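# Geometric and topological summary
Below are the chains, spelled out letter by letter.
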Amino acid sequence: MKKKVICAMSGGVDSSVAAALLKKGGPAPEQVRYGVNFEVMGVFMKFWSESKEKGNRCCGEDSERRARQVAKILKIPFYVFNFEKEFKKRVVDYFLGESKAGLTPNPCVVCNKEIKFGLLLEKALALGADYVATGHYALKREIKNKKGPYGESLKATAKIKNYELLKSKDKKKDQSYFLWRLSQDQLKHILFPIGDYNKTQVRNLAKKFKLPVTDFKESQEICFIKTNIQDFLKRRLKSMKGPVIEQTNKGVEKIISRHDGLWFYTIGQRKGLGLAGGPYYVLDKDIKKNALMITKNGKDLFKKELKVKNVNWISGNTHRLPFKIRIKTRSQQALSGAVIAKKLPRGRYKIVFSKGERAVAPGQSAVFYSGRKLVGGGVIC
Amino acid sequence: MSKNKIYLDYASTTPVDKRVLKAMLPYFSEKFGNTMSLHSWGQEAKEALEESRDVVAHLIGAKAEEIIFTSSATESNNLTLKGIAFAAKKGHIIISQIEHPCVLEAALWLEKRGFEITRLAPDKYGLIDPQEVKKAIKEETILVSIIHANNEIGTIEPIEEIGKICKEKGVYFHTDASQNFGKMKIDINKMNIDLLTASSHKMYGPKGAALLFVRSGTKIEPILHGGGHEFGLRSSTINLPAIIGFAEASRICKKEMKKEAKKLVVLRDKLIKSVLSEIPGAHLNGHPKLRLPNNANFWFEFIEGESLVIQLDLCSIAASTGSACSSATLEPSHVLSAIGLKPQEAHGSLRLSLGRWTKEKEIGYVLRVLPKIVEKLRKISPFKIK
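All values derive from a computational prediction rather than experimental measurement. All residue numbers here refer to positions counted from 1 along the written sequence of the relevant chain. Each chain gets a letter, beginning with A, and each ligand a number, beginning with 1, in the order they are written. Local features are withheld for residues below a pLDDT of 70 in this predicted model, meaning they are given only at 70 or higher, and side-chain atom pairs are given and counted only at 80 or more; totals for whole chains, interfaces and linings count all residues.

### A closer look at the overall build of chain B
Selection criterion: By the criteria applied, helices consist of DSSP H or I runs no shorter than four residues and strands consist of E runs no shorter than two, each listed in order from the N terminus. Our radius of gyration looks at C-alpha atoms and nothing else; its globule reference is 2.2 Å times the residue count to the power 0.38. Residues with at least 20 neighbouring C-beta atoms inside 10 Å of their own are called buried, those with 12 or fewer are called exposed, and the rest are partly exposed, where every C-beta is derived from the backbone.
A tally of regular secondary structure across chain B gives 12 helices and 12 strands. Radius of gyration (C-alpha) of chain B: 21 Å, near the 21 Å computed for a compact globule of 386 residues. Projected onto the principal axes, the alpha-carbon positions of chain B cover approximately 65 × 50 × 40 Å. A burial count over chain B gives 49% of its 386 residues as buried.

Written as structure tokens, this is what we have:
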């Protein structure tokens, strides 16, 4: 019997090609029989957005129109799910809460966990689907564990299926960073059809499948914000004035200005501080004193170690420590060498960098890689 | 309609009857005149418009000059609430909690501008108690607006009793009859209705035509100003083809409504009876007897209505969870909430609305498919993300 797959479609080239690959099969080896094996249904998700205006917003009416058009060409059923309310509650309110607390949150990670592979997956399975597919640049690999959770070898028949999360073929486009919170339960039901291709190949596939995808703006940094984060926070949060403190030498501090709220700044930030006599960098946020710590010395931004909380291991099991990994502390940051040194109380972990890491911001995701494999991640504290 | 597809969503909109389409066709390219023009094209159009007015007026016992053609029921309802409110300048308006969103939203808009709004709660069948209306009316009350037959659950309200009370109290009484106009007999005099909304596309006419009956002497302001069409109450070039279609649809309904209702009641009751007896955990929404001949509305335990509608769609059956206007949101229906359903119960709702071309064998097919889908959906254990 054909497996049922629900493909999340935003109207963009990536998710449109994902749907086409599922329906018609693709060049990647495991995709050859996609079209034969799958019954595909397209779903467009409506999210909350600050602006109701027309634009390139990935869940606006223009996008819905484009997605519907693609579904029509592919001759697949198409439905719209309205997640506005839940998205506002689970993603936007989280974003505001964390920002208010002086942290640098990552709403995309939460959206993937709670909405795309949370609500949508729940709804898809309730509809009798076997999989949810998305146009993420990431890969999933099915492996059979040769060993059980206690290291015992297993008979061939008793091998446990497990899923690995890998970086996509396109290293530049790779979006695995945003997927670190997924569980085995979720991965089991997920497909990433375009993870095997790079962006150019995806564009060519779109042409091959005759999909009318125009090159509109790439997914913005934060989809629900119309302009920039600062303006959004200014509109949504009441200002909370506090001192801006310069740290000149270790231990020497002086107040040089005032700020309107710690949430307008992120660690490592240089531009837009509006201070004369710079350049200055945001060094830290002192939440208790509501103080913004800045420095002229860029070297002060480098940290030797960090702590993470809410750690998720993709395999479902804690890895043996110490564990040598490559780590990414921001979505745009390059990978650095590090060691997960030890477990701390309250589920926290201590991570030591091989070299200093610049601008580590509490609230951001620290994601652990081992080769192409994403092994887990945590929230920087 | 396509042969293998079963359309059971007549409450959201209906196909145009072939006879209606035939009547409309000359009015696009041959008799295309503007009703306001002096020349023969204009006169021809004006005559056709006034003849249409006679036809629809006749259906509810109104005088022709009391019929204002509009573009939609939403427009008619907005004209009623805002028009009466603007004419009175201030005052109190009574509606029910189970009105169509256009009445609810127009009332909310007026409330923000200083008008007082009372929203009456229905009983568990969706019935509004006329005594509650009586109690709510006060010195300042300028309008009572109660839906004639509910679009989601099909409950028919005691309009005649409410009308009588409004007449005694000297308050204007409006009813939104979008769902039942052309499907059951309406007598605006016997029912003491001062304003009434009806829509063409719910009764096998085209979209883009509707009406507001306004009793002579009613104090009401227009919301569209311009060339003074429709007795100064609704300026806009007349959409004659749509109005011709509306009138032809009314003519057909007048002739066939009794027979059609009889047939639909049999099919509806068969559907309701079988669903309730064959599907465990199925419940009827609305009143068992006082309901539209074509409306069946259920809620199923442990089922999400949206999933059900999608599964039915994949089986070529068109249904709806509630009204088409609210299917774009995840909010539980305000009507089902008002009749006391809990949010998870309201989410399990399914509306099947029958119509002119619904066949017995189609109902038979639905009755074969629906229990299987419900069973299948229930079997899939709810997946909670860990």
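### Description of the sheet that holds strand β10 (residues 295-300) of chain B
Residues and elements named next belong to chain B. What counts is decided by this rule: Pairing between strands is defined by DSSP: at least two bridges between them are needed. Fitted lines through C-alpha atoms serve as axes, helices being fitted only where they are in contact, and the angles separating the N-to-C directions of these axes extend from 0 to 180 degrees.
Taking strand neighbours across the sheet as the criterion, the 3 strands line up as β9-β10-β12 in an open arrangement whose pairing is antiparallel. The two strands at the open ends of the sheet, each matched to only one other strand, are β9 (282-284) and β12 (349-353). On average, each strand axis in the sheet is tilted by 30° relative to the strand beside it, whichever way the strands run. Summarising the sheet, β10 and β12 pair through 5 bridges and their orientation is antiparallel.

### Brief notes about unusual backbone geometry
Following Leu321 of chain A, the chain continues to Pro322 of chain A via a peptide bond in cis, the omega torsion being -5°. If you trace the backbone, Pro322 of chain A turns up in the loop between β12 (302-313) and β13 (323-328). Its identity as a non-glycine residue notwithstanding, Phe302 of chain B has a phi of 55°, on the positive side.

### Observations concerning the sheet that holds strand β7 (residues 195-199) of chain B
Neighbouring strands of a sheet are bound in pairs by backbone hydrogen bonds; such pairs are parallel or else antiparallel. Residues and elements named next belong to chain B. This is how it is decided: Two residues qualify as a contact pair if the distance between their C-beta atoms, derived from the backbone, is within 7 Å.
Across the sheet, which stays open at both edges, the 7 strands sit in the order β2-β8-β7-β6-β5-β3-β4 with mixed pairing between neighbours. The sheet is open, and its two borders are formed by β2 (67-70) and β4 (116-120), each paired with just one other strand. Ignoring strand direction, the axes of neighbouring strands in this sheet form an average angle of 20°. Taken together, the 4 bridges between strand β3 (residues 92-96) and strand β5 (residues 141-145) define a ladder with parallel strand orientation. The partner of His92 across the bridge, within β5, is Thr141. Set on the sheet, helix α5 (residues 101-112) makes contact with β3, β4, β5 and β6 (172-176); between it and β3 the angle comes to about 155°.

### Examining the domain arrangement of chain A
Residues and elements named next belong to chain A. Heads up, the condition is: The domain limits used here are those given by an automatic or database domain assignment. When residue character is reported, Ala, Val, Leu, Ile, Met, Phe, Trp, Tyr, Cys and Pro are called nonpolar, Asp, Glu, Lys and Arg charged, and the others, Gly included, polar.
Per the domain assignment, the segments of chain A are domain 1 (3-208), domain 2 (238-296) and domain 3 (301-380). A C-alpha centroid distance of 26 Å is found between domain 2 and domain 3. Listed as interface residues are 5 residues of domain 2 and, on the opposing side, 5 residues of domain 3. Along the lines of polarity and charge, the residues of the side of domain 2 that touches domain 3 split into 3 nonpolar, 2 polar and no charged.

### Observations concerning the domain arrangement of chain B
Residues and elements named next belong to chain B. Taken domain by domain, chain B comprises domain 1 (6-14 + 257-378) and domain 2 (18-252). Contacts between the two partners involve 27 residues from domain 1, matched on the other side by 27 residues from domain 2. Secondary structure elements with two or more residues in the side of domain 1 that touches domain 2: α8 (240-278), β10 and α10 (334-338). Of all the elements, α10 adds the most residues to the side of domain 1 that touches domain 2, at 3 residues. Grouping the constituent residues of the side of domain 1 that touches domain 2 by class yields 10 nonpolar, 14 polar and 3 charged.

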